[in-house]
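What follows is each chain in one-letter form.
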Amino acid sequence: MKFRLDFLLPLLAALSTLSEALPVLRRRDADIESLYGITRLNRDHSGKKGDPSGKYFHESTFHPHYDGRFAEKILSYDERRIHLTALMQTYLSTMSDIGAETWIMHGSLLGWWWNRRIMPWDSDVDVQMSYHSIKFLADYYNMTIHHYKLPGIEKGRDYMLEVNPNYVIDSIDDKLNVIDARWIDTETGLFIDITTLRRNRTAEALGMEGVMMCKDKHHYLEKDVFPLRDSVFENMPVKIPFAYSALLEEEYGPKALTQTDFENHRFDQDKMEWIPLRNPRVRKGPLRDIRPKLRTPKTGPGSGI
Amino acid sequence: MAGQDQRPEKYEQNPSHLAKEFPSRTYQGRPLIDFVTNDWRTDSRYQEGIYTSDESESLYRREEDDYWVHPRWKNMISYKRVPRRVQRYLLIYVALLIATWVSWTWFIQPDWEKNKELESQLNAKPTSVFGSNMRPEFSDMTQVKTLDSSLLPSEHQLMQRLVVVGDVHGCKEELQNLLEKVSFHSATDHLILTGDMIDKGPDSPGVVDLARELSASCVRGNHEDRMLLALNDMRVHHASLPGPQEDPGRTVDTLDEESFSHGDYKARALARQFTDKQIRWLQQCPVILRVGEIGGMGEVVVVHAGLVPGVPLERQDPFQVMNMRTIDLDTRLPSDGREGTAWEKLWNHEQAKLLEKERSTVIYGHDSKRGKNILKYSKGLDSGCVNGGKLTAMVIGASKEGKAKTKIVSVKCKNQGLKR
């Protein structure tokens, strides 16, 4: 009897691998079929068919800043502002509850700098995360739905956190999977692209210390980002990189930090707000970024442009 | 000829008289003139032309060679012959003119152009100015604090003095020497530190304790900023970082801590040296300290690195106030890099344009490479003490009329050797 039990366990293990009963992680994306019940859509608007096979995240067929599994139309200027703000606030709230270290960058940092809010013409939010945080999210919070009660919406709203399994790949050669995670509004399809700030292994091999990079080809010095500062963004506590004004100056140039007339908006110094000069149309095409002066352009699939 | 023939007769009449009177000019009792003959005209010996040069040969001799300027040309140039003095002076003036023109074009004018450009840039009213945005707000930082007015030197408080010291960086001994040198009396004198009191040097907690003892005022420098934020990070983190037994000399993370410790071992090691009371004292240091009006200096302000002119103190960007070195003249955007115009140049230029009662003097540290930098409305006091330079203090007192009396005092520092 005992002899057979000893034999039984490895036999079971061998059999289960044959029948694939043991859970094996296979690379596949969360297509709309697996999301029925979460999304209210029946038709898939994600540009999945047009994307290369290795790409995990897909943009919608009608706009790069909308997720096609949840969105079917582009929002108006005012609607977009409200929903984007809610998206940001719920993201920051969730991350602080989980304890994940995240901070705002690029366009969102510029919006914070001007008046602690998202700039009205912005259609996406840029955040970064540390590697430890994204690993934690991937291990325990991937594909989780977070329900929030929001002012004006009785039923509340669901937000989904989705982590790209390709976040473990450290190199910029992985051009298809530049975004490491997404925080998605399941009702409107708006999302936040989350990138991870990693240690630059190639630079370290060359002897340079303290250089960090993102898969979307941004490079930063560790001492410019850490230690993070505490501040407020859209009335929520947020973390800001250490040398925020130096980073903004380098990325966007001095005009972006001083020009009060921009993108058909004017910065009102009394109200401390960006006022639209005339009723702006919602643009159908891809939106250009605010005069980025990046060393390498922020383009390509998955980058949101 | 006639006169000459007459002379021998005259002299022959009184030879002895002459011989006595002119002994060197007489020979055998007769004057030497008697022996002078006109043989050269007649004697063939002198006719042979020994002394003639080729020039007198008709073959080589040209009439033109006799003149500086041939009369033919002279007649062409001048209608009436120009007097020689005029010609001379004309020549001299022309030469001077050429010399002036050369020195202007090649030496003076480029410098003048450069200065003019700088002036125009400084004067240019930028259409979009830095400082329009809402001031960045951080939960653990005070932007502006005002010094207690009872500590200000004035004509009513003649005994009061302010002693402002540059970047100490933990050099407690040198600070004590400096205070001795200025005869610091804690009853009447008040110490103000321009930030960067800690880090790099041998005794950072000692400096903080000394400052607390003397109830000194302080300003937040970039080193305090980094240290306090790293400390905050340490306390807030969910996973704890190694405690006191962490080897202070380590430079690598273990695999677990890799991604969240961010390599700030030095900041953590430094942060661990301080007690809670010292940390609280450092945390209450504002970014900008408004000292107040002192006669002749306008409103005195103390910061760590610099200020942007034309922007109210409450709206200055805290990171740049602690780090700026240069400023962009088109947009008035400050930067911590070294390329571009030094910010204090613009500051002084702008202050001079304001009414006297609106002017402001800023005292700062931070830039040890350029060292002590005393201008009319900006006083840079970082003379690189921790790297073997000097520790500088500015002592401000008041005269009976209420005017500020300032003195710069320095002590030499030991080279602590740490260059980051």
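Everything below is about the structure shown above.
Keep in mind it's a predicted model, so treat the numbers as computed, not measured.

Chemist: I'd like a rundown of the overall build of chain B, residues and numbers included.
Modeler: A tally of helices and strands in chain B yields 13 helices and 16 strands. Long-range pairs, those at least 24 residues apart, make up 63% of the contacts in chain B between residues at least 6 apart in sequence. When the accessible surface of chain B is summed, it comes to about 24800 Å², and 53% of that surface belongs to carbon and sulfur atoms.

Chemist: How would you explain the packing of aromatic side chains if you had to name every residue and give the values?
Modeler: Scanning all chains against the criterion turns up 23 aromatic pairs over all chains. Taken together, a centroid distance of 5.1 Å and an interplanar angle of 70 degrees make the contact between W114 of chain A and W274 of chain A edge-to-face. In this pair, W114 of chain A is assigned in helix α3 (residues 106-115) and W274 of chain A in strand β13 (residues 273-276), connecting sequence segments 160 residues apart. Comparing W114 of chain A with W274 of chain A shows no difference in burial state: the two are buried. On the numbers, 5.7 Å between centres and 0 degrees between planes, the contact of Y159 of chain A with W183 of chain A is stacked. Residue Y159 of chain A is located in strand β4 (residues 153-163), and its partner W183 of chain A is located in strand β5 (residues 181-185); the two are separated by 24 residues in the primary sequence. W183 of chain A carries the same exposure label as Y159 of chain A, and that label is buried. By way of ring pairs, the aromatic residues W113, W114, W121, F262, F267 and W274 of chain A are connected into one cluster. Here R229 of chain A stacks its cationic end above the ring of F242 of chain A, 4.5 Å away from the centre of that ring. Note that R226 of chain B overlies the ring of F242 of chain A, its terminal NZ or CZ placed 4.4 Å from the centroid.

Chemist: I'd like to hear about the pattern of salt bridges, residue by residue, with values.
Modeler: Taken as a whole and assessed by the stated rule, the structure comprises 30 salt bridges over all chains. Notably, a salt bridge pairs R30 of chain B with D34 of chain B, separated by 3.2 Å at the nearest N-O pair. Its relative accessible area of 35% is what places R30 of chain B among the partly exposed residues. Look at D34 of chain B and you get buried, because its relative accessible area is 17%. Among the ionic pairs, R325 of chain B bridges to D367 of chain B, the shortest N-O distance being 3.6 Å. Here R325 of chain B, found in the loop between α12 (318-323) and β9 (326-328), pairs with D367 of chain B, found in the loop between β12 (360-364) and β13 (373-374); they are 42 residues apart in sequence, far enough to count as distant. D367 of chain B matches R325 of chain B in its accessibility class, with the two residues each being buried. Salt bridges sharing common partners tie together K55, E59, D67, R69, E162, R182 and D193 of chain A.

Parameters and conventions
Residues numbered from 1 in each chain as written. Chains lettered and ligands numbered in written order. Predicted model: local features only at pLDDT ≥ 70, side-chain atom pairs only at ≥ 80, totals over all residues. Heavy atoms only, no water. Helix = DSSP H or I, 4+ residues; strand = E, 2+ residues; numbered from the N terminus. Contact = heavy atoms within 4.5 Å. Areas by Shrake-Rupley, 256 points an atom, 1.4 Å probe, with all protein chains shown as cover. Phe/Tyr/Trp six-rings, centres within 6.5 Å; stacked < 30°, edge-to-face > 60°. Buried < 20%, exposed > 50% of the residue type's maximum accessible area, 1.4 Å probe, protein only. Lys NZ or Arg CZ within 6 Å of the ring centre and 35° of its normal. Salt bridge = Lys/Arg side-chain N within 4 Å of Asp/Glu carboxyl O.

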